[in-house]
Amino acid sequence: MSNKQAGLARKNLDKRLSPLRADRIVTPSRGWTKAIREALGMTTRQLAERMGVAPSRVTTIEKAEATGAITLKTLRETAEALDCQFVYAFVPTKALDDILYDQAERKVRNELAHLNHTMRLENQAVNVEDLEGQKRRIVADYLAHFSRKLWDEE
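Procedures and definitions
Residues numbered from 1 in each chain as written. Predicted model: local features only at pLDDT ≥ 70, side-chain atom pairs only at ≥ 80, totals over all residues. Heavy atoms only, no water. Axes fitted to C-alpha atoms, helices over the stretch in contact; angles between N-to-C directions. Helix = DSSP H or I, 4+ residues; strand = E, 2+ residues; numbered from the N terminus. Parallel < 35°, antiparallel > 145°, perpendicular 65-115°, else oblique. Contact = heavy atoms within 4.5 Å. Nonpolar A, V, L, I, M, F, W, Y, C, P; charged D, E, K, R; others polar. 1 Å grid on protein atoms, 1.4 Å probe; cavity = no way out; pocket = protein on both sides within 12 Å on 5 of 7 lines; lining within 4 Å. Points joined across faces, edges and corners; volume = space filled by probe spheres on them.

*Asks:* Teacher, can you tell me more about the packing of helix H2 (residues 32-39) against helix H4 (residues 55-67) here?
*Replies:* Running from N to C, H2 and H4 cross one another at 125°; their axes reach a closest spacing of 8 Å. The angle between H2 and H4 falls in the class oblique. Of the residues in H4, those touching H2 at Trp32, Thr33, Lys34 and Arg37 are Val58, Ile61, Glu62 and Glu65. A breakdown of the residues in the contact of H2 with H4 according to their chemical character gives three nonpolar, one polar and four charged.

*Asks:* How do you make sense of the layout of surface pockets when you look at a structure like this?
*Replies:* Where empty space is left can be seen by rolling a probe of water-molecule size over the atoms. Taken as a whole, the largest pocket spans an internal volume of roughly 790 Å³. Every residue lining the largest pocket is counted, 27 residues in all, and those nearest its centre are Ile25, Thr27, Trp32, Phe86 and Val87. Counting residues per element, the ones that place at least two in the lining of the largest pocket are helix H1 (3-23), H2, H4 and helix H5 (72-81). With four residues, the single largest contributor to the lining of the largest pocket is H5. Per-class residue counts for the lining of the largest pocket are 17 nonpolar, seven polar and three charged.

Structural data, given as structure tokens:
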């Protein structure tokens, strides 16, 4: 994927996800299955009938969801039986461009800190303004070329 295509993909994804980021959806402590089922006044037996499973399976599903040990397939099937739409998404905590910029800045800061330390040991320290200017240039370069190295560990 080219840098331009990746940028357009980021913008499109951000546009679609920003309403979710703004609303901060909080999962009920006992899980969505139990919360929706109880809000509808539906018993575990009634949900089990709609799903074509034993009532004990609904109890197992609710417990598995509450502990995070449930499959996406089961959640999808359960949502359907509750006349709900199952939605699965990763919602970035901030704009994807901001995440990318922060990572580039963090990476460059680490690279320059190591370089500056070495230069100080050799009595060739760079002044703060030059270091900041260099940091901005390298960050811009990482972002312009969308380098895969951006996410490599040090």
